[in-house]
Amino acid sequence: MKLGPQLLALLDKQYTLSQLTEMVFQRYDLAFKTDERGRPVLLFIGKKDGQGKIKGEGPLGQ
């Protein structure tokens with residue numbers, strides 16, 4: 001799965017420092033962890049299951 005320009009633009013923003021952020025992007029649920037500067041460093045993309053865990057394809061960027 002390749003990351004498209006819209007998703008890359010979303011991940012290029014600054015977010016809350018050292019936090020897990022969740023949101024919906026198009027038809028996918030996203031969760032990403034940020035570093036001490038608020039930059040996304042770990043991305044989970046897929047659909048949430050009944051327990052709130054994201055199930056999807058991986059790894060990204062291949």
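Described below are features of the structure shown in this document. Keep in mind it's a predicted model, so treat the numbers as computed, not measured.

## Thoughts on the overall build of the protein
Logical step 1: Along the protein, the regular secondary structure elements total 1 helix and 4 strands.
Logical step 2: Secondary structure of the protein in N-to-C order comes out as α-β-β-β-β.
Logical step 3: The proportion of buried residues among the 62 residues of the protein is 27%.
Logical step 4: In the protein, the proportion of contacts linking residues at least 24 apart, taken out of those at least 6 apart, comes to 20%.
Logical step 5: Total accessible area on the protein stands at roughly 4,600 Å², and carbon and sulfur atoms take up 52% of it.

## Digging into unusual backbone geometry
Logical step 1: For Ser 18, which is not glycine, the phi dihedral falls at a positive 45 degrees.
Logical step 2: In this structure, Ser 18 sits in the loop between helix H1 (5–11) and strand S1 (20–25).
Logical step 3: Even without glycine at this site, Gln 26 takes up a positive phi of about 50 degrees.

## Things to note about the environment of Met 23
Logical step 1: Turning to its location among the elements, Met 23 is positioned in strand S1.
Logical step 2: By relative accessible area, which is 24% here, Met 23 ends up partly exposed.
Logical step 3: In sequence terms Met 23 and Ile 45 are 22 residues apart; their C-alpha atoms lie 9.9 Å from each other.
Logical step 4: With residues up to four places along the chain from it excluded, the contact list for Met 23 reads Leu 10, Tyr 15, Tyr 28, Asp 29, Leu 30 and Phe 32.

## Quick notes on the pattern of salt bridges
Logical step 1: Enumeration according to the criterion identifies 2 salt bridges in this entry.
Logical step 2: For Lys 48, the salt bridge is made with Glu 22, and the minimal N-O distance between the two is 2.9 Å. Of the two residues, Lys 48 is situated in strand S3 (residues 40–48) and Glu 22 in strand S1; the sequence distance between them amounts to 26 residues.
Logical step 3: Assessed through its relative accessible area of 45%, Glu 22 is described here as partly exposed.

Each value, and the rule that gives it
- Residues numbered from 1 in each chain as written.
- Predicted model: local features only at pLDDT ≥ 70, side-chain atom pairs only at ≥ 80, totals over all residues.
- Heavy atoms only, no water.
- Helix = DSSP H or I, 4+ residues; strand = E, 2+ residues; numbered from the N terminus.
- Buried < 20%, exposed > 50% of the residue type's maximum accessible area, 1.4 Å probe, protein only.
- Contact = heavy atoms within 4.5 Å.
- Areas by Shrake-Rupley, 256 points an atom, 1.4 Å probe, with all protein chains shown as cover.
- Salt bridge = Lys/Arg side-chain N within 4 Å of Asp/Glu carboxyl O.

Spatial relationships are all this shows, so hold off on functional conclusions.
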